[in-house]
Amino acid sequence: MITLTRHRLFWPVVVLVVLLLGNLLEKPDFFAIRIQDGHLYGSVIDILRFGAPLMLVALGMTLVIATGGIDLSVGSVVAIAGAVACLHISKQPDQNAIGGVLIAVVMALGAALLFGAFNGIMVSRIGIQPIIATLILMVAGRGIAQLIMDGQIITINSTPYKWIGAGWLFTLPAAVLIALAMIAVTALIMRRSALGLLLESVGGNAEASRLVGIQSRSLVLLVYAICGLCAGLAGLMISSNVSSADGNNAGLLIELDAILAVVIGGTALTGGRFSIGGTVIGALVIQTLSTTVYTLGVPPETTLIFKAVVVTIVCLLQSPAFRRKVFGRWGPRRTPPASGSAPSEPTNVKVPA
Amino acid sequence: MHVSRRKIFAVVAAAGLVTSGLAACGDGTKDDAAGGDDGKIVLGFAQVGAESGWRTANTKSIQDSAKAAGIELQFSDAQQKQENQIKAIRGYIQQKVDVIAFSPVVNTGWDPVLKEAKAAGIPVILTDRAVDSTDTSLYVTFIGSDFIVEGQRAADWLLKQYEGKNEQVNIVELQGSPGAAPAIDRKKGFGDAIAANPNFKIIASQTGEFTRAKGKEVMTAFLQSNPDIDVLYAHNDDMALGAIQAIEEAGKKPGVDIKIISIDGVKDAFQAMVDGKINVVVECNPLLGPQLMELVQKVTKGETIEKRILTEEGVFTQDQAAAALPTREY
């Protein structure tokens, strides 16, 4: 029991379960899943499906944050990717042609990768602080998306493109499978090779890492590029899900949700240790929270407060100091929280990356 | 390294020059066009910006109808900034244009510049958005949509559909962004109009933030928790278009199993009506140019006009959609 509660993912999972149970109280068939038109259909599936883009964005964000950085431009990259893809498809004589859609996808992901790399160069080569460097693209990116689409919403009618965000494979939503595949590949690369360790060391102390021979700058460039790519993929999902691109609103404020997901998942904003599994749970908590708002019928005027209260509780539960104060002796006795779920450990002496 | 940095600074500086140049254009302080000595009416129009397709259509309508009416238009784009708009209006006052019209970026802080216009004897017409001022003598009239009326029109159509039937009608509502005037008023207009009839019940109401993606997400959740939805009322077309996809994914037929009422009247919504997926669209018309030009001419002739003028707007149903679709401009 003690080892269980000390697992770093224990509290985020508890919150997720509590939220899901809250929904169950309001709606007894919340977990019911039935087959509809040959695929699974139910609230839980919806949470996964609508949460998939956030999972992807948060995945990229986790890696960036692990190096001690942050990427505020992901929302704009989401908008740009959707704009590039939809614009290209809308110009095709046959919008259902697989070839055209594939080119559109490659173009959009390429653009996203480039914008991510641009962030990476600003941060790693030019030495601009991440929050400022990515702020540039956060502001400019929406303008670029608007420019691409001439300020209008582009609507397309393309079955293959629609599959990315609203399609199904093996009765499961394609978006969820794509996101899971991306997460699995990233986790494998990070944990089966030394890459994850190197990132943590850069986040812990970039200068010291460089001195021991780690190519900090290239690593930082790499993670921003990956982050851009993830955001681009999420952008494809979001625009594909509604078969249109909206430069003004697609991915609006998703950077904040992504950062929140990362933090809920137990990765410290100061860099260093990171948890991809935690981020996935964090993203699910955020999406479940939205669904809970709809299920409980929380009035829109108070939605933000409701969400804030839940997030505050999650953050407090994540804090060992708070838990010790509140749960007192009831909680697991432990030596100072050197390990476990403490997100902000003093081991992270920050040197500007 | 140094070279590249210098280059970057050069680029940034150049960008700065370009934007300040644009701002100068936006002032509209061109001498050559000033006056009205040739007998032509000169109208100074300070637009909000170009933030949406609706706004682009609005701008185009004003420019086209000014040309058609033989009115000389001085146009400026404030890029969503009040200070730009005030600057533009001051420019018009200096030029001594005949009439000033503008769509305020925000609704407060206009008294000083409007007093200057009044002192110069130039009448001011507000378009599309109101200003919050206790002194209503500062402007001649306000022309624009009434969002409450739009909500009422949506409800009127619905009430007519169920006339004479005595069954409960379950309505779900997709609201606009919390706090936005159209969202508040469209909710109120609709809610008040159906309140008299106990058969009509809004069983769920959430914000879809005026976007397709949110509209779809919220509608998906509505469909999960409410098995028996008869009507969807969406505060704008984009949310309705998103919701249509959610309804289809739930295995229901939009427009048939669930009746859909929407507001705005963008092209895509008309297409959806032609396809039978939206039942009715209440128009929120950006094309107020012709009406505005008529007002400008009246004002310069010294005719008295009403303080509040509604834009001409219609309600479109499926049988009218196909005929109207090719003529939709936004």
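Cut-offs used in this document
- Residues numbered from 1 in each chain as written.
- Chains lettered and ligands numbered in written order.
- Predicted model: local features only at pLDDT ≥ 70, side-chain atom pairs only at ≥ 80, totals over all residues.
- Helix = DSSP H or I, 4+ residues; strand = E, 2+ residues; numbered from the N terminus.
- Rg over C-alpha atoms; globule rule 2.2 N^0.38 Å.
- Buried ≥ 20, exposed ≤ 12 C-beta atoms within 10 Å, placed from the backbone.
- Contact = placed C-beta atoms within 7 Å.
- pLDDT = per-residue confidence, 0-100.
- Domains from an automatic or database assignment.
- Core = buried A, V, L, I, M, F, W, Y, C linked by C-beta atoms within 7 Å.
- Nonpolar A, V, L, I, M, F, W, Y, C, P; charged D, E, K, R; others polar.
- Pairing = 2+ DSSP bridges.
- Axes fitted to C-alpha atoms, helices over the stretch in contact; angles between N-to-C directions.
- Parallel < 35°, antiparallel > 145°, perpendicular 65-115°, else oblique.
- Right-handed = clockwise from strand over helix to strand, strands pointing away.

## A closer look at the overall build of chain A
Helix and strand counts for chain A stand at 15 helices and six strands. A compact globule built from 353 residues would reach a C-alpha radius of gyration of about 20 Å, and chain A, at 21 Å, matches this within 12%. Over its C-alpha atoms, taken along the principal directions, chain A stretches across nearly 70 × 55 × 40 Å. Taking all 353 residues of chain A together, the buried fraction comes to 52%. A separation of at least 24 residues holds for 79% of the contacts in chain A among residues at least 6 apart in sequence.

## With respect to the confidence of the model for chain B
All names here are of chain B. This prediction gives chain B a mean pLDDT of 84; 87% of its residues lie at or above 70. Mean pLDDT across the elements of chain B bottoms out in helix 1 (residues 2-27) (46) and peaks in strand 8 (residues 231-234) (96). Every residue in residues 13-36 scores below 50 in pLDDT, and together they form 25 contacts with partners more than four places removed in sequence or on other chains. Taken over the whole predicted complex, pTM reads 0.80, whereas the ipTM for its chain interfaces reads 0.82.

## Remarks on the domain arrangement of chain B
Here the domain parsing of chain B yields domain 1 (32-145 + 286-312) and domain 2 (147-284). Of note, the centres of domain 1 of chain B and domain 2 of chain B, computed from C-alpha atoms alone, are 34 Å apart.

## Some remarks on the nonpolar core
With 154 residues, the main nonpolar core has Val57(A), Ala112(A), Cys230(A) and Leu232(B) as its most contacted residues. In contact with Leu232(B), other than residues within four places in its own chain, are Val172(B), Leu174(B), Ala240(B), Ala243(B), Ile258(B), Ile260(B) and Ile261(B). Of all hydrophobic cores here, the second largest spans 41 residues; its members include Ile71(B), Ile86(B), Val131(B) and Leu287(B).

## Structural notes on the interface of chain A and chain B
Taken residue by residue, the interface counts 24 residues in chain A and 24 residues in chain B. Mapped onto the side of chain A that touches chain B, the elements with two or more residues apiece are helix 3 (43-66), helix 11 (216-241), helix 13 (276-296) and helix 14 (300-318) of chain A. Of the residues contributing to the side of chain A that touches chain B, the split by class is eight nonpolar, 11 polar and five charged.

## Details of the sheet that holds strand 2 (residues 72-77) of chain B
Residue and element names in this part refer to chain B. Here we have six strands laid out as an open sheet, ordered 2-1-3-4-5-11, and parallel in their pairing. Looking at strand neighbours, the two that pair on one side only are strand 2 and strand 11 (308-310), the edges of this open sheet. Pairs of neighbouring strands in the sheet enclose a mean axial angle of 20°, with direction left out of account. When strand 4 (residues 124-127) meets strand 5 (residues 141-144), the two strands line up parallel, connected through three bridges. Bridge pairing in strand 5 links Thr127 to Ile143.

## Some words on the environment of Gly60(A)
Residue and element names in this part refer to chain A. For Gly60, the position within the fold is in helix 3. Take Gly60: there are 31 C-beta atoms within 10 Å of it, and that puts it in the buried class. As for Gly60 and Ala225, which are separated by 165 residues in sequence, their C-alpha atoms are 8.8 Å apart. If sequence neighbours within four positions are ignored, Gly60 has contacts with Val74, Ile226, Cys227, Cys230 and Ala231.

## With respect to the packing of helix 4 (residues 74-90) of chain A against helix 12 (residues 254-264) of chain A
To characterise two packed helices, one gives the angle between the axes of the helices and the distance between these axes. Residues and elements named next belong to chain A. Two numbers describe how helix 4 lies on helix 12: the axes approach to 7 Å, and their chain directions differ by 125°. Here helix 4 is positioned oblique relative to helix 12, judged by the angle of their axes. Here Val74, Gly75 and Val78 of helix 4 come into contact with helix 12, specifically with Ile254, Glu255 and Ala258. Of the residues in the contact of helix 4 with helix 12, the class split is four nonpolar, one polar and one charged.

## Quick look at the sheet that holds strand 12 (residues 315-317) of chain B
All names here are of chain B. The strand order across the open sheet formed by six strands is 7-6-8-9-10-12, and the pairing between neighbours is mixed. Where the open sheet ends on each side, the last strands, each with one partner, are strand 7 (200-207) and strand 12. Here the strands of the sheet are splayed against their neighbours by 20° on average, with no regard to which way each runs. The pairing of strand 9 (residues 259-264) with strand 10 (residues 280-283) spans four bridges and is parallel. Bridging across to strand 10, Ile263 finds its partner in Val282. Contacting strand 8, strand 9, strand 10 and strand 12, helix 5 (residues 147-161) crosses the sheet at an angle of about 155° to strand 9.

## So, the confidence of the model for chain A
Of the residues in chain A, 92% reach a pLDDT of 70 or more, and the chain-wide mean stands at 86. For residues 337-353 of chain A, every residue scores under 50 in pLDDT, and the model assigns this stretch 40 contacts once sequence neighbours within four places are set aside.

## Considerations on the environment of Val97(B)
All names here are of chain B. Looking at where Val97 falls in the secondary structure, it is placed in the loop between helix 3 (82-95) and strand 3 (99-102). Taking the C-alpha atoms as reference points, Val97 and Asp230, separated by 133 residues in sequence, lie 54 Å from one another. Apart from the residues lying within four places of it in its own chain, the contact partners of Val97 are Val42, Leu43, Gly44, Gln74, Tyr92 and Ile122.

## With respect to the pairing of strand 6 (residues 169-175) of chain B
All names here are of chain B. Buried residues dominate strand 6, accounting for six of its seven residues. The pairing of strand 6 with strand 7 spans seven bridges and is parallel. Paired with Gln175 across the two strands is Thr207, which belongs to strand 7. Crossover connection from strand 6 via helix 6 (residues 181-195) to parallel strand 7: handedness right-handed. Inspection of the sheet shows strand 6 paired to strand 8 by four bridges, in the parallel sense. Counted as the bridge partner of Ile171 is Val231 from strand 8.

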